[in-house]
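Inside the fold
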Amino acid sequence: MVYLARSNIRDFREINECGGCRRLWWPGAEPVCHRLPPPWSLQRLKAAVHYTVGCLCQEVEEDKDIRFSKQSIAAISEITFRQCETFARDLEMFARHAKRSTINTEDVKLLARRSSSLLKYITQKSDELASSNLEQKEKKKKKSSAAKGERTPGEKEAAVTENEDSNMS
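A brief structural summary.

The rules we used
- Residues numbered from 1 in each chain as written.
- Predicted model: local features only at pLDDT ≥ 70, side-chain atom pairs only at ≥ 80, totals over all residues.
- Heavy atoms only, no water.
- Helix = DSSP H or I, 4+ residues; strand = E, 2+ residues; numbered from the N terminus.
- Buried < 20%, exposed > 50% of the residue type's maximum accessible area, 1.4 Å probe, protein only.
- Contact = heavy atoms within 4.5 Å.
- Core = buried A, V, L, I, M, F, W, Y, C linked by side-chain atoms within 4.5 Å.
- Salt bridge = Lys/Arg side-chain N within 4 Å of Asp/Glu carboxyl O.

On to the overall build of the protein chain, then. When you go through the protein chain residue by residue, the secondary structure sums to five helices and three strands. Ordered by position from the N terminus, the helices and strands of the protein chain form the series β-β-β-α-α-α-α-α. Put simply, the protein chain has 169 residues, and 14% of those count as buried. When contacts within the protein chain are restricted to residue pairs at least 6 apart in sequence, long-range pairs at least 24 apart make up 14% of them.

The biggest cluster of nonpolar side chains holds five residues, and these are Val49, Val53, Cys57, Ile73 and Phe81. At the level of elements, helix H1 (39-64) and helix H2 (70-97) are the ones that each hand at least two residues to this core. Per element, the largest residue contribution to this core is three residues, and it comes from H1. With residues up to four places along the chain from it excluded, the contact list for Cys57 reads Phe68, Ile73 and Ile76.

It is worth spelling out the pattern of salt bridges at this point. Tallying each qualifying case throughout the model produces six salt bridges. The closest approach of N and O atoms between Glu92 and Arg96, which form a salt bridge, is 2.8 Å. Of this pair, Glu92 and Arg96 are both found in helix H2, four residues apart, which corresponds to roughly one turn of the helix. When its relative accessible area of 36% is taken as the criterion, Glu92 is described as partly exposed.

So, on to unusual backbone geometry. A positive phi angle is found at Asp65, which is not glycine, with a value near 55°. Residue position: Asp65 is located in the loop between H1 and H2. Not every positive phi belongs to a glycine, and Lys99 is a case in point at roughly 60°. By relative accessible area, Lys99 is classed as exposed at 75%.

The next thing to look at is the side chain of Asp107. For Asp107, the location among the structural elements is in helix H3 (residues 105-111). Under the relative-accessibility criterion, Asp107 is labelled buried at 3%. For Asp107, the contacting residues outside a window of four places in its chain are Leu91, Phe94, Ala95, Arg100 and Thr102.

Structure (structure tokens):
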């Protein structure tokens, strides 16, 4: 809560401050923050995490022949959700430190730096995605140049080699 003085009157008016973005609103007004999700979406996200943890616990129960209580599933869900919140804040800080507004793979690698196996897996998947994206760009480039009737660099080299071969004979 912040107290501001009105300039023309000496009394203080109470106003509220948003913790997410520091926007101010008057008492009685509905607070609107562009950074904080609506409360119902947070509940839905927690419910989704709880459901997923429950499914994973069922799989472990079947494989290992052990049982999980509802309290233990709830505790695992809560810990998982809190850890994800921490990861999200860390990723946002890494991107902000690099003066970017978008989180990229380098931020995720920095987050995973303490777990060598996780870092290795993320690096491998990142490299696979990068090579896949490069292949798609090349295919798109070939397709657009073929539609225009132009030759790709590989086709140009083949044509030059063919011309040189015909000139030699």
